[in-house]
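Structure at a glance
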Amino acid sequence: MKKSFEGIKKWNAGMIMGILFTLYSVYYFVESFKYPYYNQFGVGPGFFPRWVAIIAIVAGIAYTLVSIFKDKILLGEAFPGGKELLNVLSTVVAILAFILIVHYTGFCIASALLLFILFIRSYPWWKALLYAVIVTAIVFGIFKIGFSVPIPVNGWGF
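Rules and cut-offs
Residues numbered from 1 in each chain as written. Predicted model: local features only at pLDDT ≥ 70, side-chain atom pairs only at ≥ 80, totals over all residues. Heavy atoms only, no water. Helix = DSSP H or I, 4+ residues; strand = E, 2+ residues; numbered from the N terminus. Buried < 20%, exposed > 50% of the residue type's maximum accessible area, 1.4 Å probe, protein only. Contact = heavy atoms within 4.5 Å. Salt bridge = Lys/Arg side-chain N within 4 Å of Asp/Glu carboxyl O. Phe/Tyr/Trp six-rings, centres within 6.5 Å; stacked < 30°, edge-to-face > 60°.

**Quick notes on unusual backbone geometry**
A positive phi is found at S148, a non-glycine position, where the angle reads about 55°. Turning to its location among the elements, S148 is positioned in the segment after helix 7 (125–146). The class for S148 is exposed, based on a relative accessible area of 57%.

**So, the environment of V149**
Counting through the fold element by element, V149 comes out in the segment after helix 7. If near-sequence neighbours (up to four positions away) are discounted, V149 is found in contact with F143 and K144.

**Digging into the pattern of salt bridges**
A side chain of one charge can pair with a side chain of the opposite charge when the charged atoms of the two come close. Evaluation of the coordinates by the stated rule reveals one salt bridge. A salt bridge links E31 to K34; the shortest N-O distance between them is 2.8 Å. Classification of K34 by relative accessible area gives exposed; the value is 61%.

**Here's the deal with the packing of aromatic side chains**
For any pair of aromatic rings, the description consists of the separation of the ring centres together with the inter-plane angle of the planes. Counting across every chain of the model gives 10 aromatic pairs. Geometrically, the ring pair formed by F98 and F107 is edge-to-face, given 6.2 Å between the ring centres and 85° between the ring planes. Overall, the relative accessible area of 21% leaves F98 in the partly exposed class. Taking relative accessible area as the criterion, F107 reaches 13% and is therefore assigned buried. Ring geometry for Y123 versus Y131: centroids 5.0 Å apart, planes at 85°, classification edge-to-face.

If you want it as structure tokens, here you go:
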């Protein structure tokens, strides 16, 4: 099984991402034609996405060419390993847990859990929990109370 990934690790990651970015930009450009370029007031809703897509296509092609001829980044070098991979995975798990539970538990509990999962890798459990609760309370206070941003809350209001 390990040998099958050896060839993939030698692929040019920059070229792959440049091609994917360029293809997405072309799709965005094609979709921009669904909106009029001009309307009765002047510039229409299709103006901005069309020009952003054109700039993105040029940037994607340039990045792809640079990745092929100058700054080659191998796929094996682009992905983390060991402790770094564990950090990435714990971040993804924390974000997914937040997304899945925020509507049931409210912002404060979901946010505290997300931050606890992130902090537990660097602090003792009690400090990670304390920091998670403090940061969550500050963010909740600023956005919910201070700015009146609608944040999902549980039955107790937090």
